[in-house]
Amino acid sequence: MAVSERDAFDLALVVVALALVFGSSVTASNPVAVVGRAVSAVASVGPIAYLVVLGVGGILFMAYAVLYLPTTQ
C-alpha cells in the first residue's frame, strides 16, 4: 500500500511531535517532576475555560460540517 503525500506529511508531524514530547521529558533532570507540573497545570485550569474551549471547538466543527462538507461532494 502506497502512502500518499498527505499521509506522509501527517506521519512526519506525529513523529516530530512525539519526539519533542518524549525528548523533553527524558532530558529533564527529573521526568516525574516534569509530568507532575504538566498535570498540575492542566488541573489548575478552571472549568469555565474548558467549557469555552469546547464551545469554540464545537462551533468550528459545526461550521465545517455545515458549510464545507456539502461543497466537497
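All values derive from a computational prediction rather than experimental measurement.

## Here we look at the overall build of the protein chain
- Each helix and strand in the protein chain was counted, giving 3 helices and 0 strands.
- If you list the helices and strands of the protein chain from N to C, you get α-α-α.
- Out of the 73 residues belonging to the protein chain, those deemed buried represent 1%.
- Total accessible area on the protein chain is roughly 6,300 Å²; 77% of this is exposed by carbon and sulfur atoms.

## Some remarks on the UniProt feature "transmembrane region" (unreviewed entry) in the protein chain
- The UniProt entry lists residues 50-69 under the feature "transmembrane region" (unreviewed entry), expressed in the numbering used here.
- For residues 50-69, helix accounts for 95% and strand for 0%, while the C-alpha atoms at its two ends are 27 Å apart.

## Looking at the confidence of the model for the protein chain
- When pLDDT is averaged along the protein chain, the result is 80; 82% of the residues meet or exceed 70.
- Element-level pLDDT for the protein chain is lowest in helix H1 (residues 5-27), with a mean of 75, against a maximum mean of 93 in helix H3 (residues 47-68).

## Observations concerning the packing of aromatic side chains
- Summed over all chains, the structure comprises 1 aromatic pair.
- Relative to Tyr68, the ring of Tyr64 has its centre 5.6 Å away and its plane inclined at 25 degrees; by these criteria the two rings are stacked. Taken as a pair, Tyr64 and Tyr68 lie in helix H3 at a separation of 4 residues, close to a single helical turn.
- The class of Tyr64 is partly exposed, set by a relative accessible area of 42%.

## Some words on a nonpolar patch on the surface
- Together, Phe61, Met62, Tyr64, Val66, Leu67, Tyr68 and Leu69 make up an exposed nonpolar region whose accessible area comes to about 750 Å².
- With respect to the helices, strands and loops of the structure, Met62 is situated in helix H3.

## A short note on the environment of Ser40
- Note on placement: Ser40 falls in helix H2 (residues 31-44).
- Owing to a relative accessible area of 42%, Ser40 belongs among the partly exposed residues under this scheme.
- For Ser40, the side chain forms a polar contact with the main-chain oxygen of Arg37, separated by 2.9 Å.

Reading guide: rules and limits
Every chain begins its residue count from 1, and numbering advances along the sequence as written. Only residues with pLDDT of at least 70 get local features here, since the model is predicted, and only at 80 or more are side-chain atom pairs given and counted; chain-wide, interface and lining totals rely on the full set of residues. Side-chain measures were taken over the full set of non-hydrogen atoms in the model, leaving aside hydrogen atoms and water. Put simply, DSSP marks the helices as runs of H or I at least four residues long and the strands as runs of E at least two long, and each gets a number from the N terminus on. Burial classes follow relative accessibility: with a 1.4 Å probe on protein chains only, a residue under 20% of its type's maximum area counts as buried, one over 50% as exposed, and anything between as partly exposed. Surface accessibility follows the Shrake-Rupley procedure with a 1.4 Å probe radius. Residue values consider only the protein chains on display as shielding. UniProt positions are given in the numbering used here, feature names are shortened, and annotations may be inferred rather than shown by experiment. Within a predicted model, pLDDT stands for the predictor's per-residue confidence, ranging from 0 to 100. Within 6.5 Å between ring centres, the rings of Phe, Tyr and Trp (the latter by its six-membered ring) count as paired, and their orientation is classed by plane angle as stacked under 30 degrees, edge-to-face over 60, tilted in between. Note that patches include only residues with greater than 30% relative accessible area and no salt bridge, and the join distances are 9 Å for like charges and 5 Å for nonpolar side chains (Val, Leu, Ile, Met, Phe, Trp, Tyr). Note on definitions: salt bridges are taken to be side-chain nitrogens of Lys or Arg within 4 Å of carboxyl oxygens of Asp or Glu. As used in this structure description, the phrase polar contact means that two N or O atoms lie within 3.5 Å; if the pair is within protein, one of them must be able to donate a hydrogen and the other to accept it, and residues adjacent in sequence are counted only when both atoms belong to side chains.

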